[in-house]
Amino acid sequence: MKLITNIFGFEKPSQNVIMVRLSLMMIAVFLISQIGTAQVKIGDNPNSIDDGSLLELESTTKAFVPPRMTTAQRDAIPTPLKG
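To start, this report covers the structure provided alongside it.

Reading the values: the criteria
- Residues numbered from 1 in each chain as written.
- Predicted model: local features only at pLDDT ≥ 70, side-chain atom pairs only at ≥ 80, totals over all residues.
- Heavy atoms only, no water.
- Patch = residues over 30% accessible without salt bridge, like charges linked within 9 Å, V, L, I, M, F, W, Y side chains within 5 Å.
- Areas by Shrake-Rupley, 256 points an atom, 1.4 Å probe, with all protein chains shown as cover.
- Salt bridge = Lys/Arg side-chain N within 4 Å of Asp/Glu carboxyl O.
- Helix = DSSP H or I, 4+ residues; strand = E, 2+ residues; numbered from the N terminus.
- Contact = heavy atoms within 4.5 Å.
- Buried < 20%, exposed > 50% of the residue type's maximum accessible area, 1.4 Å probe, protein only.

A cluster of nonpolar side chains, contributed by V40, I42, L54, L55, L57 and F64, occupies part of the molecular surface with about 640 Å² of accessible area. Elements supplying a minimum of two residues to the nonpolar patch: strand 1 (40-42) and strand 2 (55-57). Note on placement: I42 falls in strand 1.

Let us look at the environment of L55. Checked against the element boundaries, L55 lands in strand 2. For the pair L55 and V40, spaced 15 residues apart in sequence, the C-alpha to C-alpha distance is 5.0 Å. Beyond its immediate stretch of four places on either side in the chain, L55 contacts V40 and I42.

What follows is about the pattern of salt bridges. A full pass over the atoms with the stated rule returns 1 salt bridge. R74 is paired through a salt bridge with D75; the nearest N and O atoms lie 3.2 Å apart. With relative accessibility at 53%, the residue D75 sits in the exposed group.

Below, the structure is given as structure tokens:
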């Protein structure tokens, strides 16, 4: 029986070739996703953001309101961040 060919006219690749190609594609996607970091600025001039900031808020007419909680609620956070 003749080997099944794909649309490019090549022989059907072996399972090892398929796994290698799939692994290389997964590694490429992972590396590309790690390169794509982002900074967000909410405010009047989004083009002027400090290089060291991840999130920058700027306004002369509005205020930042962090979540309000009691000391007991704050202390009940199971894994608080250092700092």
